Amino acid sequence: MIKVKKRKFLLLPGDGIGPEVVGEVKKIIQWFNKNKSLDFEIDEDLAGGASYDKYGTPITDEVFYKALECEAIILGAVGGPKWDDVEFSKKPERALLKLRKELKLFANLRPAICFKQLVDASTLKPEIVSGLDIMIVRELTGGIYFGEPRGIKPIDNGERKGINTHTYTTSEIQRVARVAFDLAKKRKNKVTSCEKSNVMEAGLLWKEEVQELHDKEFKDVELNHMLADNCAMQLLRNPKQFDVIVTDNLFGDMLSDQASMLTGSLGLLPSASLGAKNKDGKIRAMYEPIHGSAPDIAGQGLANPIATILSFAMALRYSLDLDKEADALEKAVQGVLDEGLRTKDILSKGMKQVSTSEMGSAIISKLQ
Ligand code: NAD
């Protein structure tokens, strides 16, 4: 068997159900190493509350440098009520923000896929969501969550004023739009760009810059512009009209949550956060399920590992260009759902309930 160069994943299981779901990814990585001509190296470390408990900080410098060096980070989830009283700068979630900010992970990819086997889990009618497959690309490091000036200040009449600033530059808009166009080319070749160009100057700039990039480099991709509030309505009315949606940080936050709920279960949805290419042409990236640490079910074998496993499939596809292996893994997940195996969160009548690790093992046996 010819072995290719070792590629290192940094696993940061985090808190709550994080270690359980990332544990299933570890099994899958080990399966690929044993059965395919791949040689993934795994490094595993603490982040979030687990790191705070041991080192008094949500992420140590050592772990942060590992994150800089690795091919891709696979994160479980961080946080939980145990750390509610921890001072703001040391809260478990700061680990995530630091990684996103310092690794300049500016494009957040959130697929919303409705598996045909789970169409009943959605609150929408089956014909609206069955076969849904859309990708939301959210700008992650700019816009109103980061703009200056910001803060709360006293004003003359004894009242206070809260200030946040929504700003975007040409390069910030075009680099995330480029990710969306590139993705669309691998999918149905259609991008919808969302903003509020009718009431916001930064929205107008967004629209113009996306259009300019399209006209210069991506004429072969279909581009539509849509106001973000209309997009929220269209996602409920006829979500299958979309392929790739690209939008800013604030609208993306809402639209991606809305889109994920079309599919009915938090435990199934992966995400990727991608940065710029470094000088070797490699993209910095972090992959994680969209759900949190689910403290209410932690340690009971009830967590659904599929979102994290599909996040790993995204890592294979986007960080390692291993499309064939990513396809195989996604097909294995479908196969297990076809067989009627379900974790408790997606259990329905006539289906068989399995634990977190049984679900992981069943997916591996489908890979065989
Ligand atoms: P949550 O996503 O952890 O849980 C919401 C509900 O969904 C819970 O009932 C939970 O049991 C269920 N659930 C979530 N993931 C599941 C899975 N894989 N399988 C089965 N059921 C699942 O959201 P929350 O309760 O609002 O947050 C809990 C903690 O997680 C908080 O501390 C929050 O800050 C943190 N959080 C972290 C991230 C992250 O690390 N990226 C994201 C969201 C929330």
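Keep in mind the model is a prediction, meaning the values are calculated, not measured.

(A) Molecular detail of the domain arrangement of the chain. We note that the domain assignment places domain 1 (1-131 + 263-368) and domain 2 (133-261) within the chain. Taken together, the contact pairs 26 residues of domain 1 with 24 residues of domain 2. Counting the surface lost from both domain 1 and domain 2, the interface buries some 2100 Å², and carbon and sulfur atoms represent 59% of this. Looking only at domain 1, the three residues that lose the most surface to domain 2 are Phe106, Asn108 and Arg110, adding up to 32% of its buried area.

(B) Structural context of the pattern of salt bridges. Going through the model one piece at a time under the given rule, you end up with 18 salt bridges. Where lysine 82 meets aspartate 53, a salt bridge forms, and the shortest distance between an N and an O atom there is 2.6 Å. Taken together, the residues span a long stretch of sequence, with lysine 82 in the loop between strand 3 (72-77) and helix 4 (93-102) and aspartate 53 in helix 2 (residues 49-55) at a distance of 29 residues. One continuous salt-bridge network, built from bridges that share partners, spans Asp43, Asp45 and Lys66.

(C) How the structure looks around the packing of helix 10 (residues 306-318) against helix 11 (residues 323-338). Orientation of helix 10 relative to helix 11, taken along the N-to-C sense of each, is 160°, at an axis distance of 7 Å. Looking at the two axes, helix 10 sits roughly antiparallel to helix 11. Here helix 10 runs over helix 11; the crossing is left-handed. Side by side, helix 10 and helix 11 meet where Ile306, Ile309, Leu310, Phe312, Ala313, Leu316 and Arg317 of the first sit next to Asp323, Glu325, Ala326, Asp327, Leu329, Glu330, Val333 and Leu337 of the second.

(D) Region of the structure containing helix 4. Restricting attention to buried positions, one finds in helix 4 the residues Ala95, Leu96 and Leu99. Projected onto a plane normal to the axis of helix 4, the buried residues spread over an arc of 100° and lie on a single side. Along its buried surface, helix 4 packs onto strand 1 (7-14), helix 3 (61-69), strand 3 and strand 12 (283-289).

Here is what the cut-offs are and how they apply
Residues numbered from 1 in each chain as written. Predicted model: local features only at pLDDT ≥ 70, side-chain atom pairs only at ≥ 80, totals over all residues. Heavy atoms only, no water. Domains from an automatic or database assignment. Contact = heavy atoms within 4.5 Å. Buried area = accessible area lost by both parts, 1.4 Å probe. Salt bridge = Lys/Arg side-chain N within 4 Å of Asp/Glu carboxyl O. Helix = DSSP H or I, 4+ residues; strand = E, 2+ residues; numbered from the N terminus. Axes fitted to C-alpha atoms, helices over the stretch in contact; angles between N-to-C directions. Parallel < 35°, antiparallel > 145°, perpendicular 65-115°, else oblique. Left-handed = near helix turned anticlockwise from the far one by under 90°. Buried < 20%, exposed > 50% of the residue type's maximum accessible area, 1.4 Å probe, protein only. Arc of directions from axis to C-beta.

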